[in-house]
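Here is how the chains run, residue by residue.
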2 protein chains.
Amino acid sequence: MSENKEFNPSCPISISDYPNVLLAHGSGGTLMNQLIDGVFKIAFKNKELHKSHDAAVLNIDSSKIAITTDSYVVDPLFFPGGDIGSMAIYGTINDLAMSGAMPIALSVGFILEEGLEMEKLIKVVNSMQVAANKAGVDIVTGDTKVVDRGKGDGIFINTTGIGLIKHNMSIEPSSVVDGDAIIISGDIGRHGIAIMAVREGLEFSTFIESDSAPLNGLVSKLIDSKIEIHCMRDLTRGGLASALVEIAKTSNSQITIDENNIPVREDVRGACEILGFDPMYVANEGRFIAFVKRDDVNKALNIFHSDELGKDAKCIGYVSADKPGSVTMRSCIGTMRVVDMLSGEQLPRIC
Amino acid sequence: MSENKEFNPSCPISISDYPNVLLAHGSGGTLMNQLIDGVFKIAFKNKELHKSHDAAVLNIDSSKIAITTDSYVVDPLFFPGGDIGSMAIYGTINDLAMSGAMPIALSVGFILEEGLEMEKLIKVVNSMQVAANKAGVDIVTGDTKVVDRGKGDGIFINTTGIGLIKHNMSIEPSSVVDGDAIIISGDIGRHGIAIMAVREGLEFSTFIESDSAPLNGLVSKLIDSKIEIHCMRDLTRGGLASALVEIAKTSNSQITIDENNIPVREDVRGACEILGFDPMYVANEGRFIAFVKRDDVNKALNIFHSDELGKDAKCIGYVSADKPGSVTMRSCIGTMRVVDMLSGEQLPRIC
């Protein structure tokens, strides 16, 4: 292959340590970050990709455009509170929203497995359009591939989103500064537990449904109110803990949070205990954290509380300069604990 | 699922005829078109998607932006003349070029199968960057998912491309008019045969390699020279025949071509005969047709011939208004033959 001349044997992922891809390489933890840093960022060299943010931002003529992409391989396809279709719309909309971009258009690429029930496909496709309507965005272009039976898993969906940035803030990890307040938009852990319940055939005494939802409306209110937002991140793969660690590392700052302020529903907490999960690492699909200027925290909380998707928002902590790259949590019983990424994730194929 | 209320039982794809997805639904023929019209276009209602073109065109502030998406599931991952990585770059660049858009940025989404050799991934990723350099575009954002062993097939790649349109032409099927000349950029059939040779372990007396290549350079020359281009289409899944039929139907015009003018290499023709394929339907990855104003045909051919990727370009036929939606070919022996789409395709997973 003449095109592969640039194969780089000095890549920081040691091929002898990891000669094969593991499920954990796709799960939002340390191994996935090693794969991104050790393979993708080494090959794909450009400024935007190296910012480690949910969306890339480009200047086109006089406009600032955000681009983000995500593939969805969630198993099962249908779960309480959503399905792979609505999730593929909201997830990508949310990644745009996290850079303060309002969605203009989505593309969709399907990889279908031979033998998939046509009725399931139609359900998913209709669910995508309902979700797109709810988020106020059009699906403008698409592609379909079919792979042989046993070489796929029903439906995989890629959605790529284009958004327009109308403000002048640089909403990204490197904009986080000493003193910033960290707001969480609501309770955590529901998406992961909802998926797990279906996958393992578990029944809880209460109904736990995914928090999957489009965040562009709430984010738009925050931006319109002129709150100084430094960074936002949705709490998907790897959950709250991984998002905080990634931002602390990229912004080279310390983050200190208070466990008492992190909303977790009692039934979710109970399910986590039974399953041996820590809600800090469980994936969400409609929750995010915002790093805002300390003076703006109350104004920001008021706006969160005025929106259905932010009604339980809380300030969970602050940024300081003490131990760059670290995340510390004051636990419910008052002790301090270091928060780190998991190497893989508790729940593969959660999104 | 409350989100699936809009499930449409009157969909034109009869679920009783096709209760399950077939490989042919992804192969560029009649069944794929039925799936697009009967499922996707019914659910995803908007003007851009209904244009049946390779890329959607959006007006953002004062700029005209093209967006296109493609997933690549080619089997095998490596083949003479390319691999899934270079193909995922060129294929998407080419879809942008077909609307006259010059690429600005690409996103990339990987779906990896657990157990994939890391070395293969690194080879593919490096090949993508070499291809991106060759086409002059950056990969600005990405995503990686890993699925369990036996639920994927090594590497699937989605690339979505954003391009900028700097001209004022509407280069799309509906712009085709009576009298247009049709130019083909070069010989056809090599990509499909190259893939087939590896897949089936065939050996030919000559070396047949894929024509996979980025077309944005050649298209840019055509646009800069002010040639009046009405439509362009790359000849991927379904080959030349399917592209012509799609355009004849969308533009409601008749297309008449001359088989003697369609370049096919002797070794490719021989391989097609052995394998029972018609080169008219075999996929290409670096070939396209351009519908140009009849007066511009010689000027256009000169530009094609000045570029390595167009040096064997020929005018293969003309558009007329006689039998709207039909494609007719004068065969080598002088008889007239109707060209139609295949229902599926000769070669699944060719791209």
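If you're wondering where the values come from, they're calculated on a predicted model, not measured in any experiment.

A. Representation of the overall build of chain A within the structure. A tally of helices and strands in chain A yields 8 helices and 14 strands. Principal-axis analysis of the C-alpha atoms places the extent of chain A at approximately 55 × 55 × 45 Å. Out of the 351 residues in chain A, the part that is buried amounts to 64%. A sequence separation of at least 24 residues applies to 84% of the contacts in chain A between residues at least 6 apart. Positive and negative charge centroids in chain A, built from 32 and 46 side chains respectively, lie 3 Å apart.

B. How the structure looks around the packing of helix 3 (residues 118-135) of chain A against helix 1 (residues 30-43) of chain B. Axis separation between helix 3 of chain A and helix 1 of chain B bottoms out at 8 Å; the angle between their running directions is 30°. Comparing the axis directions of helix 3 of chain A and helix 1 of chain B gives the class roughly parallel. Listed contacts from helix 1 of chain B to Met118(A), Leu121(A), Ile122(A), Val125(A), Asn126(A) and Gln129(A) of helix 3 of chain A are Leu35(B), Val39(B), Phe40(B) and Ala43(B). Of the residues assigned to the contact of helix 3 of chain A with helix 1 of chain B, the class counts are 8 nonpolar, 2 polar and no charged.

C. How the structure looks around the relation of the copies chain A and chain B. The transformation that overlays chain A on chain B combines an axial shift of 0.0 Å with a rotation of 180°, and the residual RMSD is 0.0 Å. As the rotation angle and translation indicate, the two copies are arranged about a two-fold axis. For chain A, the smallest separation between a C-alpha atom and the rotation axis is recorded for Gly152(A), amounting to 2.2 Å. Taken together, the interface assignments show that 99% of the residues at the interface of chain A recur at the interface of chain B, consistent with an identical surface on both copies.

D. A look at the interface of chain A and chain B. Between chain A and chain B, the residue contacts involve 97 residues of the former and 96 residues of the latter. Buried surface at the junction of chain A and chain B, both sides included, amounts to about 8,400 Å², of which 65% is carbon and sulfur. Inspection of the region where chain A meets chain B yields 10 salt bridges. A salt bridge links Asp143(A) to Arg237(B), with the nearest nitrogen and oxygen atoms 2.8 Å apart. Our count for the contact surface shared by chain A and chain B stands at 25 residue pairs in polar contact (both at pLDDT 80 or more). The element best represented in the side of chain A that touches chain B is helix 3 of chain A, accounting for 11 residues. Counted by class, the side of chain A that touches chain B contains 48 nonpolar, 27 polar and 22 charged residues.

E. Here's a closer look at helix 5 (residues 216-224) of chain B. All names here are of chain B. Turning to helix 5, its buried residues are Asn 216, Leu 218, Val 219, Leu 222 and Ile 223. Buried positions in helix 5, seen along its axis, are confined to an arc of 160° and lie on one side of it. Turning to helix 5, the residues buried within the fold contact helix 2 (84-97), strand 5 (102-113), helix 3 (118-135), strand 9 (229-234), strand 11 (288-292) and helix 8 (297-305). Phi turns positive one or two residues past the end of helix 5, at Lys 226, with a value near 65°.

F. Region of interest: the packing of aromatic side chains. Inspection of every chain in the model, using the stated rule, returns 7 aromatic pairs over all chains. Aromatic pair Phe288(B) and Phe304(B): ring centres 5.5 Å apart, planes at 35°, arrangement tilted. Taken together, the residues span a long stretch of sequence, with Phe288(B) in strand 11 and Phe304(B) in helix 8 at a distance of 16 residues. By the ring-pair criterion, three or more aromatic residues cluster together here, those being Phe40(A), Phe44(A) and Phe110(B). For the cation-ring pair, Lys123(A) lies above Phe78(A), with the distance from its terminal atom to the ring centre recorded as 5.5 Å. The positively charged end of Arg294(B) is found above the aromatic ring belonging to Tyr318(B), 3.8 Å away from the centroid.

G. How the structure looks around unusual backbone geometry. Residues and elements named next belong to chain A. Cis geometry marks the peptide bond from Asp 75 to Pro 76; its omega dihedral reads 5°. Relative to the helices and strands, Pro 76 resides in the loop between strand 2 (63-72) and strand 3 (78-79). With a phi angle near 50°, Arg 349 is a residue other than glycine that sits in the positive phi range. Among the secondary structure elements, Arg 349 is positioned in the segment after strand 14 (336-339).

H. Representation of the sheet that holds strand 7 (residues 155-165) of chain B in the model. All names here are of chain B. Read across the open sheet, the 5 strands follow the order 1-2-7-5-6; overall the sheet is mixed. Whereas interior strands pair on both sides, the edge strands pair on one side only; in this sheet they are strand 1 (56-60) and strand 6 (138-147). If you compare each strand with its neighbour and ignore which way they point, the axes differ by 20° on average. Relative to strand 7, strand 2 (residues 63-72) runs antiparallel, the two sharing 9 bridges. Bridged to Thr 69 within strand 7 is Thr 160.

I. The arrangement of the nonpolar core in detail. Core analysis: the biggest nonpolar cluster contains 78 residues, and Phe44(A), Phe110(B), Leu121(B), Leu240(B), Ile255(B), Ile289(B) and Phe291(B) have the highest contact counts within it. When residues in this core are grouped by element, the largest group, 9 residues, is from helix 3 of chain B. Excluding anything up to four places from it in sequence, Ile255(B) contacts Ile182(B), Leu244(B), Ile247(B), Ala248(B), Phe291(B), Tyr318(B), Val319(B), Ser326(B), Val327(B) and Thr328(B). The next biggest cluster of nonpolar side chains, apart from the first, holds 77 residues, and it includes Phe79(A), Met87(A), Ala135(A) and Leu35(B).

J. Summary view of the environment of Phe277(A). Its place among the elements puts Phe277(A) in the loop between helix 7 (266-275) and strand 11 (288-292). It is 25 Å that separates the C-alpha atoms of Phe277(A) and Ser86(A), two residues lying 191 residues apart in sequence.

K. The arrangement of the pairing of strand 10 (residues 254-258) of chain B in detail. Pairing geometry for strand 10 of chain B and strand 12 (residues 314-320) of chain B, over 4 bridges, is antiparallel. What sits directly across from Gln254(B), in strand 12 of chain B, is Ser320(B).

L. Spotlight on the packing of helix 4 (residues 190-200) of chain B against helix 7 (residues 266-275) of chain B. All names here are of chain B. In contact at an axis separation of 10 Å, helix 4 and helix 7 are set at 55° when each is read in the N-to-C sense. One way to sum up the angle between helix 4 and helix 7 is to call them oblique. Once helix 4 is placed against helix 7, the crossing between them reads as left-handed. Residue-level contacts link Arg 190, Ile 193 and Met 196 of helix 4 to Val 268, Ala 271, Cys 272 and Leu 275 of helix 7. Its residues placed into classes, the contact of helix 4 with helix 7 shows 6 nonpolar, no polar and 1 charged.

M. Looking closely at the pattern of salt bridges. Going through the model one piece at a time under the given rule, you end up with 40 salt bridges over all chains. Salt-bridge contacts for Asp153(A) lead to Arg349(A); the nearest nitrogen and oxygen are separated by 2.9 Å. Separated by 196 residues along the polypeptide, Asp153(A) in the loop between strand 6 (138-147) and strand 7 (155-165) and Arg349(A) in the segment after strand 14 bring together distant segments of the chain. Like Asp153(A), the residue Arg349(A) is buried in the burial classification. Where salt bridges share partners, they join Asp70(A), Arg237(A), Asp143(B) and Lys145(B) into one cluster.

Rules used in this analysis
Residues numbered from 1 in each chain as written. Chains lettered and ligands numbered in written order. Predicted model: local features only at pLDDT ≥ 70, side-chain atom pairs only at ≥ 80, totals over all residues. Heavy atoms only, no water. Helix = DSSP H or I, 4+ residues; strand = E, 2+ residues; numbered from the N terminus. Buried < 20%, exposed > 50% of the residue type's maximum accessible area, 1.4 Å probe, protein only. Contact = heavy atoms within 4.5 Å. Lys, Arg positive; Asp, Glu negative; His and termini not counted. Charge placed at Lys NZ, Arg CZ, Asp CG, Glu CD. Axes fitted to C-alpha atoms, helices over the stretch in contact; angles between N-to-C directions. Parallel < 35°, antiparallel > 145°, perpendicular 65-115°, else oblique. Nonpolar A, V, L, I, M, F, W, Y, C, P; charged D, E, K, R; others polar. Least-squares fit on C-alpha atoms with pLDDT ≥ 70 in both. Buried area = accessible area lost by both parts, 1.4 Å probe. Salt bridge = Lys/Arg side-chain N within 4 Å of Asp/Glu carboxyl O. Polar contact = N/O pair within 3.5 Å; in protein donor to acceptor, adjacent residues only side chain to side chain. Arc of directions from axis to C-beta. Phe/Tyr/Trp six-rings, centres within 6.5 Å; stacked < 30°, edge-to-face > 60°. Lys NZ or Arg CZ within 6 Å of the ring centre and 35° of its normal. Pairing = 2+ DSSP bridges. Core = buried A, V, L, I, M, F, W, Y, C linked by side-chain atoms within 4.5 Å. Left-handed = near helix turned anticlockwise from the far one by under 90°.

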